[in-house]
Each structure stands twice: as structure tokens, then as C-alpha cells.
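Next come the chains, spelled out residue by residue.
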Amino acid sequence: MNNKNLFRLVVAGLVLCSCQSDVYQINGCAPQLHNGDTITLAFEDPPQKVLGQAYVEDGVFKFAGTTDTTLFCRAYLNSDRLTSISFFLEPGNITIELNRHPKPSRVSGTVLNNEWQALNDTVQKLGTQLIRLAQVSTLQHPPLPRQQLQQRIDSMHRRLSDCIIETGQRNRDNVLGKYIQENYKKPEFK
């Protein structure tokens, strides 16, 4: 075999290896964290097995590996486990913005994680509106009648529930939809 054929064989091998469908790359951004802070990647559900650790350097961290299944995982700061993000570990490029608690962290990059983040954004927004409604109603003079306040809270709660159900239905054929079906029970409204 001459050098030209050997070179072609090596290039073909590299191309095949780089196209593996089970490779994941997590690019993390953590501008609020310090150099040397440890980030742990673990299963979200028990037994919360640790999959790896990375160190923050200049506000970034990285994980890479292979997985032949989609796993519900969590990345967290070892010194403060509330500084965390839950996401779906799957083949592809995943981007995590890890923020100190209570500022929400974010995930993106794959179809499942984009859907998951959109759901989390909606839940966060509606949850904040519910809290504000409860706070404003107690400060308002005269206060909202209890029945009117309850109707507004129920309306927002229904919107929140509908959003979760719709996301589950839209994703019924993937891990996100199955996760919602297994973990979310629609409340019974009056």
C-alpha cells in the first residue's frame, strides 16, 4: 500500500469516527463561577450515578462522551448543588449556561433540550406571574374578592398545566414526552 492510499484510508477512518451517532459534546458557560470550581454530571434520577466531572476554566467547562440512549441528567456545582441544570444527555452538541442559584440555568443545542428549555421558560414565567398575582392581591386596596382572585389563579394554573400536557403530546414519541407522561399528573380543576 502506498502512502497516498494509506492517507486516504486514515482520512476515511477519521470521517467515519467523527460521524458517530452516539457522540455527545457538552459546552458549558459559567461566567459567575471561579476557575477550579468542579461541575459534576450525574443521572438525575436515583441512583444519581456520577458520569463525570469537569473544572471551570475562564468561565467554561466541557464534557464529552458517547451514549447510545437518551438519559435524563443533571450538571451541578459541587460546592452548591442548587446551582444546577437538568437536561437530556443525548448524542449531539449540547450547550449549558450554568448560573448561580437562584438565577435559572439554561440548556440548548438538541431538539429535546430546546423543547425542554422552552417548557421550563413557560413554567418559570407563569410561576412568577402566579406569585406576583398572590402578592399584589394582598397589597391592593380594596383587596380582590377571594372568588375573583381564585378564578385568576385557576386560569393561570390551567394554562400552566395545558402547556405541560401539550409539550408531552407533541413529544409523545420521544423521551421528553415519556418523561412528562410518567411524571406529570394533570390536576383536577373545579
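Keep in mind that this is a model prediction, so the values were computed, not measured.

K.L.:
Where do I start with the pairing of strand β2 (residues 38–43) in this structure?
P.N.:
On a regular strand, one side chain projects to one face of the sheet and the next to the other, so that they alternate. Judged by how many residues are buried, β2 sits mostly within the fold: 5 of 6 residues are covered. Examined bridge by bridge, β2 and strand β3 (residues 50–55) share 5 bridges and lie antiparallel to one another. Paired with A42 across the strands is V50, a residue of β3. Where β2 hands over to β3, the hairpin turn is made up of 6 residues, of which Q48 adopts a positive phi near 50 degrees.

K.L.:
I keep staring at the environment of K178 and nothing clicks. Help me out?
P.N.:
Its location among the elements puts K178 in helix α4 (residues 175–183). Exposure remark for K178: the relative accessible area of 42% places this residue in the partly exposed category. Separated by 10 residues in sequence, K178 and G168 place their C-alpha atoms 7.2 Å apart. With sequence-adjacent residues up to four places away left out, K178 is seen in contact with N171, R172 and D173.

K.L.:
What is the right way to look at the confidence of the model for the protein chain in this model?
P.N.:
Low pLDDT means the predicted atomic positions in that stretch should not be read closely. With 89% of its residues at a pLDDT of 70 or more, the protein chain has an overall mean of 88. Every residue in residues 9–17 is under pLDDT 50, and counting partners more than four places away or in other chains gives 1 contact.

K.L.:
Can you help me understand helix α3 (residues 146–170) in this one?
P.N.:
Two residues of an α-helix separated by three or four positions point the same way, owing to the 3.6 residues in each turn. Counted at 1.5 Å a residue, the expected span for α3 with its 25 residues is 36 Å, and the 36 Å between its end C-alpha atoms agrees. As for α3, its buried residues are in contact with α2 (111–139) and α4.

K.L.:
Would you explain the sheet that holds strand β5 (residues 71–77) in this entry?
P.N.:
Paired through backbone hydrogen bonds, the strands of a sheet run either parallel or antiparallel to each other. The sheet built from 4 strands is open, its strands ordered β3-β2-β5-β6 with antiparallel pairing. Looking at the sheet topology across the chains shown, the edges are occupied by β3 and β6 (80–89). Recorded for the sheet is a direction-independent mean angle of 20 degrees between the axes of neighbouring strands.

K.L.:
For this particular structure, what's the right way to read the environment of T38?
P.N.:
Structurally, the position occupied by T38 is in strand β2. According to the relative accessible area criterion, T38 is buried, its value standing at 18%. Residues T38 and L77 lie 39 residues apart in sequence; the distance between their C-alpha atoms is 6.0 Å. Those residues in contact with T38, other than ones at most four positions away along the chain, are Q53, A54, Y55, Y76, L77 and N78.

Reading guide: rules and limits
- Residues numbered from 1 in each chain as written.
- Predicted model: local features only at pLDDT ≥ 70, side-chain atom pairs only at ≥ 80, totals over all residues.
- Heavy atoms only, no water.
- Buried < 20%, exposed > 50% of the residue type's maximum accessible area, 1.4 Å probe, protein only.
- Helix = DSSP H or I, 4+ residues; strand = E, 2+ residues; numbered from the N terminus.
- Pairing = 2+ DSSP bridges.
- Contact = heavy atoms within 4.5 Å.
- pLDDT = per-residue confidence, 0-100.
- Expected span 1.5 Å × (residues − 1).
- Axes fitted to C-alpha atoms, helices over the stretch in contact; angles between N-to-C directions.

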